[in-house]
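Coordinates in review
The primary structure of each chain is shown beneath.
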Amino acid sequence: MTHLHSSNKSRIAILFGVVAMPFLCALVSCGGEKKEIVDVGFDPNNSYTMKATQIVTMVSDSGITRYKVVTAEWLMFDEAEEPYWFFPEKVHLEKFDSLFRVEASVDADTAYYYKRKELWKLSGNVRVKNLEGEQFETELLFWDEQGKKIYSDHFIRITKNDFVNTGMGFESNLTLTQYRIFNAGAEIPLETNKARADTMQSDPPSLP
């Protein structure tokens, strides 16, 4: 049997302490710090699955071309609980009918498209023009393919020929040919409306 002297035992104890201390510190915080292990995973609702830039493309559904899309950036969130597309920069859309005729053209600062609902949400300087040349202007617009309607609860301005109609919200069919304006104001001739705007922007008269 091998006997160890006390000095040798001390050296072994010190050596064990030097070697073992880093491992113990890894398991138990040496400085009293509390460490928490966080499981960072993929968030499908906020992490896009595809990104495209400088886009000019056609979008089809069931073999039928539905839209022409022109935009600087297109983010696709296809794995989200409610799959959607996001257009963070200005977007231009052209909506086609079954004969590939342009039913309407749309411009907006920002847009979302919810794929399952077939719903467009357009916001910021929204301008829509139908086949008859009527122009619809608002800050928020919903284009509901499944519900077969277009609607807004924001201020709306509709220019038709030489007249302007305004209101707080409106609802229309998908071709923007049959619509109703909520809380509508009086129909104003375009020149009169322009003159009013110019008057409001002019400098106030100076006091005597």
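Structure shown above.
So, here is what we can say about the structure in this document. Because the structure is a prediction, the values reported are computed rather than measured. (Residues numbered from 1 in each chain as written. Predicted model: local features only at pLDDT ≥ 70, side-chain atom pairs only at ≥ 80, totals over all residues. Heavy atoms only, no water.)

Before going further, it helps to examine the overall build of the protein chain. Within the protein chain, the secondary structure is distributed over two helices and twelve strands. Seen in sequence order, the protein chain has helices and strands lined up from the N terminus as α-β-β-β-β-β-β-β-β-β-β-β-β-α. Considering only contacts within the protein chain whose residues lie at least 6 apart along the sequence, 36% involve residues at least 24 apart. Accessible surface computed for the protein chain: about 14,300 Å², of which carbon and sulfur atoms make up 55%. (Helix = DSSP H or I, 4+ residues; strand = E, 2+ residues; numbered from the N terminus. Contact = heavy atoms within 4.5 Å. Areas by Shrake-Rupley, 256 points an atom, 1.4 Å probe, with all protein chains shown as cover.)

Quick look at the nonpolar core now. Grouped together as the largest cluster of nonpolar side chains are 29 residues, with contacts concentrated most on Trp74, Phe87, Trp120, Leu122, Val128, Trp143 and Leu176. Ignoring sequence-local partners within four residues, the contact set of Trp74 consists of Met50, Lys51, Ala52, Ile55, Thr57, Val59, Trp85, Phe86 and Phe87. In this structure, Leu75, Phe77, Tyr84 and Phe86 belong to the second largest nonpolar core, which totals five residues. (Core = buried A, V, L, I, M, F, W, Y, C linked by side-chain atoms within 4.5 Å. Buried < 20%, exposed > 50% of the residue type's maximum accessible area, 1.4 Å probe, protein only.)

For the rest of this paragraph, the subject is the pattern of salt bridges. By the definition in use, this model includes seven salt bridges. Residue Asp78 pairs with Lys115 through a salt bridge whose shortest N-O separation is 3.2 Å. Linking Asp78 in the loop between β2 (64–77) and β3 (84–87) with Lys115 in the loop between β6 (110–114) and β7 (119–130), this pair joins segments that are 37 residues apart in sequence. Look at Asp78 and you get partly exposed, because its relative accessible area is 29%. Taking the shortest distance from any N to any O, the salt bridge between Lys95 and Glu103 comes out at 3.4 Å. Comparing Lys95 with Glu103 shows no difference in burial state: the two are buried. When salt bridges with common partners are traced through the structure, they connect Arg127, Glu137 and Arg157 into a single cluster. (Salt bridge = Lys/Arg side-chain N within 4 Å of Asp/Glu carboxyl O.)

Across six bridges, strand β8 (residues 135–144) lies against strand β9 (residues 149–160) in antiparallel orientation. Directly across from Phe136, in β9, lies its bridge partner Ile158. Between β8 and β9, which pair antiparallel one after the other, the connecting turn spans four residues, and Lys148 there sits at a positive phi close to 55°. Between the end of β9 and the start of strand β10 (residues 163–172), which pair antiparallel, lie two residues, with Asn161 showing a positive phi angle near 55°. (Pairing = 2+ DSSP bridges.)

This is a description of form; function is not addressed.
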